[in-house]
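Single-letter residue listing:
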Amino acid sequence: MFDAFLPWFFALIPALGVMGWFAFGFIEGWKRLELKHITFTSPDLPPYFDGYRLVQITDFHLGSFPPGNDFVQKVVDATNNEEPDMILFTGDLVNNQASEVEPYLETLGQLHAKDGIYSIWGNHDYCEYGNNHSIGALKRNRRMLYGYQESLGWHQLMNEHHVVSHGMASIAVIGVENPGQPPFTNRSNLKKAMKGVDPDMFKILLSHDPHHWRREVVGKKIQLTLAGHTHAGQLKIGKWTPARLAFKEWGGAYRIGEQMLYVSSGIGGSFPFRLGAWPELTVVTLKRDL
């Protein structure tokens with residue numbers, strides 16, 4: 001009797017293993033936060049900013065987390081433990097609507113950095129994926145989301161820049177609205193965002209969609225670009241991820257000449273699942289190339 005059953009049982013083992021592996025992604029994988037440390041070296045960096053530390057957070061997608069979770073608190077604590085000079089958020093705070101931020105306002109309010117928190121909007125932040133597509137609902141959601149970030153003290157760079165100065169040394173943080181590729185809307189205006197920036201100043205560009213880097217940034221004197229959007233496909237098996245099918249630069253550091261793009265895998269996703277492409281918090285240390 002058992003002899004007849006055993007071949008079937010052994011045949012099921014790989015399938016059961018795969019099912020268990022994917023179950024881990026839904027149950028625990030989306031909470032498996034990884035801290036990644038990278039260094040960017042540039043001869044254009046002012047000496048004062050040598051060793052300056054940035055923390056990049058991206059793609060929270062707050063509406064995808066189950067109610068009562070403590071994962072956002074975990075991300076906030078990990079960020080603050082790094083004692084960053086600056087926090088940079090590169091878009092997609094919500095999934096569908098601004099109210100998703102409300103349960104996390106107190107937690108997000110704990111984020112702090114010496115030179116402040118700067119943010120841009122991703123494609124989801126325009127709240128076009130909810131059920132109500134009326135002009136009134138869209139405008140209301142966008143006003144609410146802008147207000148929430150403003151109440152948190154985040155500097156929202158909507159095709160704008162901010163110069164951070166210490167003594168005689170300065171760097172520029174430039175932020176563009178979502179620079180989408182079809183089917184996403186391109187709302188970016190890099191020319192407007194850079195208007196008035198000293199051409200020789202060290203620049204950090206926040207741009208949600210990494211397609212923007214090759215499309216408009218490469219060849220300009222913008223030393224460092226930070227992006228998100230890809231989630232690294234939320235699935236990575238060895239070196240394979242579905243993100244490779246849609247993005248040339250889907251995760252990690254990419255360099256052309258003295259320019260670098262860093263694409264973070266981000267924190268959340270459209271649904272709570274991560275496998276291999278674990279949630280990522282990125283610490284970037286700036287170094288001056290002597």
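In what follows, the structure referred to is the one given above.
Anyway, here's the lowdown on the structure attached to this text. The model shown is predicted, which means the values in this text are computed figures rather than measured ones. (Residues numbered from 1 in each chain as written. Predicted model: local features only at pLDDT ≥ 70, side-chain atom pairs only at ≥ 80, totals over all residues. Heavy atoms only, no water.)

### With respect to the packing of aromatic side chains
As a reminder of what qualifies: Planes of paired rings set the category: under 30 degrees apart is stacked, over 60 is edge-to-face and the rest tilted, where pairs are Phe, Tyr or Trp rings (Trp by its six-membered ring) whose centres lie within 6.5 Å. Helix and strand assignments come from DSSP, with helices taken as H or I runs of at least 4 residues and strands as E runs of at least 2, each series counted from the N terminus. Buried, partly exposed and exposed residues are distinguished by accessible area as a fraction of the type maximum, computed with a 1.4 Å probe on protein chains only: under 20%, between the cut-offs, and over 50%, respectively. When the NZ atom of lysine or the CZ atom of arginine is within 6 Å of a ring's centre and also within 35 degrees of its normal, the charge is said to sit over that ring.
Under the counting rule described, the total for this entry stands at ten aromatic pairs. A centroid spacing of 5.6 Å and a plane angle of 45° characterise the contact between F89 and W154, whose relative ring orientation is tilted. Taken together, the residues span a long stretch of sequence, with F89 in strand β3 (residues 86–89) and W154 in strand β5 (residues 154–156) at a distance of 65 residues. Just as F89 is buried, W154 falls in that class too. Looking at R32, its charged tip hangs above the ring of W278, at a distance of 4.4 Å from the centre. Lying across the ring of Y126, R187 places its NZ or CZ 3.8 Å from the centre.

### What to know about the environment of E102
Note the threshold: Counted as a polar contact is a pair of N or O atoms within 3.5 Å, where, for protein atoms, one must be capable of donating a hydrogen and the other of accepting one, and residues adjacent in sequence contribute only when both atoms are in side chains.
The topology assignment puts E102 in the loop between β3 and α3 (105–108). In this structure the C-alpha to C-alpha distance between E102 and L145, which are 43 residues apart in sequence, comes to 9.8 Å. A polar side-chain atom of E102 sits 2.5 Å from a polar atom in the side chain of Y148.

### Points about helix α4 (residues 135–151)
Filter applied, for reference: Each helix should span, by expectation, one fewer than its residue count multiplied by 1.5 Å. In this description, one arc is meant: the one made by directions from the helix axis to the C-beta atoms. Two residues form a contact once any of their heavy atoms are found within 4.5 Å.
Here α4 contains 17 residues, and its C-alpha end-to-end distance of 24 Å stays within 8% of the 24 Å for a straight helix at 1.5 Å per residue. Listed as buried for α4 are A137, L138, N141, L145, Y148 and Q149. Down the axis, α4 shows its buried residues gathered within 100° of arc, on one side only. Opposite the buried face of α4, at more than 90 degrees from it, the exposed residues are I135, K139, R143, E150 and S151. Residues of α4 that are buried sit in contact with α3, β4 (117–119) and β5.

### Here's the deal with the side chain of R274
Where we set the bar: We treat Lys and Arg as the positive residues and Asp and Glu as the negative residues; His and chain ends play no part in the count. What counts as a salt bridge is simple: a side-chain nitrogen of Lys or Arg found within 4 Å of a carboxyl oxygen of Asp or Glu.
Examined against the element boundaries, R274 turns out to sit in the loop between β11 (259–263) and β12 (280–288). With no salt bridge to any partner, buried R274 finds its closest opposite charge in D59, at an N-O distance of 6.9 Å. A distance of 2.9 Å separates a polar atom in the side chain of R274 from the backbone oxygen of S265. A polar atom in the side chain of R274 sits 3.5 Å from the backbone oxygen of G266.

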